[in-house]
Amino acid sequence: MRRRRSQRQSGPIQVSPYGSSKSLPRWRRLLGWFCLLLAIGLSLSAVYLVLTAPPVTVASPVAVTDDARNPTLTLLPETVIAAEPTIAMQDAEPAAEQPTISAAQILELLATPPDPSAAEGLNYDPFTLITNRARSKMTSYVAQRGDTIAGIANRYGLKKESIAWCNDYRLALVLRPGDIVNIPPSDGACHTVIRTQSKDIRAIAEQYKVDDPYAIIDSPANELPDIAPETLLPSGTRLFIPGGEGEIITWNAPVQQDGAGNVVAFDPGSPFSCGARSGGGTRWVNPLPNGTYVRGYYAGHSGIDISAPTGTPIYAANGGPILYAGWNNWGYGTTVVIGHGPWSTLYGHMSSRAVGCGQVVGAGQIIGYVGSTGNSSGPHLHFEIRYRNQPQDPASTSGIGW
């Protein structure tokens, strides 16, 4: 009991895991002082950096608006302006004031339609790319309503004969929408090899009036190997003859028909057309009884050719009104056309004519004289008979005599 009381009266007892600091080893005390000094140094460095840091730039609000009623605020950094201008800045001239345009003016310009007068004098040719396009191969074109061989040839920069020589001759007479028209790469003719004719490339070139057979061999359109002009190609081979000339073509001129299909006017747009006239038709006679039959009627030739010396009289094959008398641009040269009711006859390549518009002739009457005008290789008469504008074979017509 006395021992416990004496302990309570002596006060609290200090307990240290390390005991008294004086009892610590020297190296520990030195390490403690070093850490304390390092902490103080770091603190002083942080204070110095805070005190010496540059001032923070605060962004100023600048209003950028598309519309005065709907401003949109965009924060842009302040621009630091130098206190003293540099020498370069002092010598430079002040910048000219730049033109500005408001948003309202931009909207007004966009809403204003273009001035039509600004396009005056600009003529756009929808076929310029076709005519300027370098072609080396055969191409094709699908005929549209209103197309003609002459119009298609003009689009591709070719002669209409070149188009006709590379297609069925029917297209030259009647071109219908949807017809596929072969377009050669340049002016020339086309040829289909028939092996039974035994024509080599040299002979084919001569047929189309081409001096150099290698023009055919080297043409990219033909895709021929390196062969000699004496080579016989397989039957059915289609060739393009650059610069070649085929048979003379007599073009089918436009006509005007009545409700029954009778031709009442020939080439109405020509100044030599006699206008709409009808009637006629009696009997058939030979238009050139003293001539020589040289070429007949077939799919590629809408009449017959009868040769005779220049100036030989030509007679009306039937009676009726003169529908056309004068020069014709469709290859017939000086031409006369006579109407005979549903029938009509055409006399082409005359040297001169003996009748004119307003006349009605009888069968066997002299209407002109043999010549070689238009697309002609020599003096002859190109003679056609048409029934409701459909070509007929004159040689099979009773009374003609061929």
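Structure report, in brief. (Residues numbered from 1 in each chain as written. Predicted model: local features only at pLDDT ≥ 70, side-chain atom pairs only at ≥ 80, totals over all residues. Heavy atoms only, no water.)

Topic: the overall build of the chain
At step 1: A tally of regular secondary structure across the chain gives ten helices and 18 strands.
At step 2: In the chain, buried positions account for 34% of the 402 residues.
At step 3: As presented, the chain carries roughly 25500 Å² of accessible surface, and 57% of it is formed by carbon and sulfur atoms. (Helix = DSSP H or I, 4+ residues; strand = E, 2+ residues; numbered from the N terminus. Buried < 20%, exposed > 50% of the residue type's maximum accessible area, 1.4 Å probe, protein only. Areas by Shrake-Rupley, 256 points an atom, 1.4 Å probe, with all protein chains shown as cover.)

Focus on the nonpolar core
At step 1: Among the nonpolar cores identified, the biggest contains 23 residues, and Ile314, Ile322, Val336, Ile338, Tyr347, Ile367 and Phe383 are the most heavily contacted of them.
At step 2: Among the elements of the structure, β10 (304-307), β12 (320-328), β13 (333-340), β14 (343-353), β16 (366-370) and β17 (380-387) are those that each provide at least two residues to this core.
At step 3: With three residues, the single largest contributor to this core is β17.
At step 4: In this structure, phenylalanine 383 is in contact with Pro287, Gly303, Ile304, Ala317, Thr345, Leu346, Tyr347, Pro394 and Ile400, ignoring residues within four places of it in sequence.
At step 5: Val210, Ile217, Leu224 and Leu239 belong to the second-largest nonpolar core, a separate cluster that totals 14 residues. (Core = buried A, V, L, I, M, F, W, Y, C linked by side-chain atoms within 4.5 Å. Contact = heavy atoms within 4.5 Å.)

Points about the state of the cysteines
At step 1: Evaluation of the coordinates by the stated rule reveals two disulfides.
At step 2: Between the sulfur atoms of cysteine 166 and its disulfide partner cysteine 190 the distance amounts to 2.0 Å. Handedness of the cysteine 166-cysteine 190 disulfide follows from its S-S torsion of about 85°: it is right-handed. Of this pair, cysteine 166 sits in the loop between α7 (160-165) and α8 (170-173) while cysteine 190 sits in strand β5 (residues 188-192), and the two are 24 residues apart along the sequence. (Disulfide = S-S within 2.5 Å.)

Topic: the packing of aromatic side chains
At step 1: For the coordinates displayed, the defined rule picks out six aromatic pairs.
At step 2: Between phenylalanine 266 and tyrosine 324, the ring centres sit 5.3 Å apart and the planes meet at 75°, which makes this aromatic pair edge-to-face. Remark: tyrosine 324 occurs in strand β12 and phenylalanine 266 occurs in strand β8 (residues 263-266); sequence separation between them is 58 residues. For the residue pair phenylalanine 266 and tyrosine 324, the accessibility class agrees, reading buried in each case.
At step 3: Centre to centre, the rings of tryptophan 343 and tyrosine 387 are 4.7 Å apart; their planes meet at 55°, and the pair counts as tilted. (Phe/Tyr/Trp six-rings, centres within 6.5 Å; stacked < 30°, edge-to-face > 60°.)

Re a nonpolar patch on the surface
At step 1: Together, Trp27, Leu31, Phe34, Leu38 and Leu42 make up a nonpolar patch on the protein surface, roughly 580 Å² of accessible area in all.
At step 2: Turning to its location among the elements, leucine 31 is positioned in helix α2 (residues 26-52).
At step 3: Residue class for leucine 31 comes out partly exposed when judged on its relative accessible area of 48%. (Patch = residues over 30% accessible without salt bridge, like charges linked within 9 Å, V, L, I, M, F, W, Y side chains within 5 Å. Salt bridge = Lys/Arg side-chain N within 4 Å of Asp/Glu carboxyl O.)

Description of the pairing of β17
At step 1: Among the eight residues of β17, seven are classified as buried, and the element is accordingly described as predominantly covered.
At step 2: Direction of pairing for β10 relative to β17: antiparallel, over a ladder of four bridges. Bridge pairing in β17 links aspartate 305 to histidine 382.
At step 3: Alignment of β14 against β17, held across six bridges, turns out to be antiparallel. Each residue of the ladder has a partner; that of leucine 346, found in β17, is glutamate 384.
At step 4: Sheet topology note: the β17/strand β18 (residues 390-392) ladder contains three bridges and is antiparallel. Across the sheet, isoleucine 385 pairs through a bridge with glutamine 392, a residue of β18. (Pairing = 2+ DSSP bridges.)

Quick word on the pairing of β14
At step 1: Relative to β14, β13 runs antiparallel, the two sharing six bridges. If you follow valine 336 over to β14, its bridge partner there is tyrosine 347.
At step 2: The turn linking β13 back onto β14 is made up of two residues, and glycine 341 within it adopts a positive phi angle of 70°.
At step 3: When β14 meets β16, the two strands line up antiparallel, connected through three bridges. The residue bridging serine 352 from the neighbouring strand is tyrosine 369, located in β16.

Section: the pattern of salt bridges
At step 1: One pass over the structure, following the stated rule, counts six salt bridges.
At step 2: With its nearest N and O atoms 3.0 Å apart, the salt bridge here joins lysine 137 to glutamate 223. Separated by 86 residues along the polypeptide, lysine 137 in the loop between α5 (128-132) and β3 (139-142) and glutamate 223 in the loop between α10 (214-217) and β6 (238-242) bring together distant segments of the chain.
At step 3: Look at lysine 137 and you get partly exposed, because its relative accessible area is 35%.
At step 4: On the accessibility criterion, glutamate 223 (60% relative accessible area) is exposed.
At step 5: With its nearest N and O atoms 2.9 Å apart, the salt bridge here joins arginine 202 to glutamate 230. Linking arginine 202 in helix α9 (residues 201-207) with glutamate 230 in the loop between α10 and β6, this pair joins segments that are 28 residues apart in sequence.
At step 6: The class for arginine 202 is partly exposed, based on a relative accessible area of 36%.

By themselves, these figures tell us nothing about what the structure is for.
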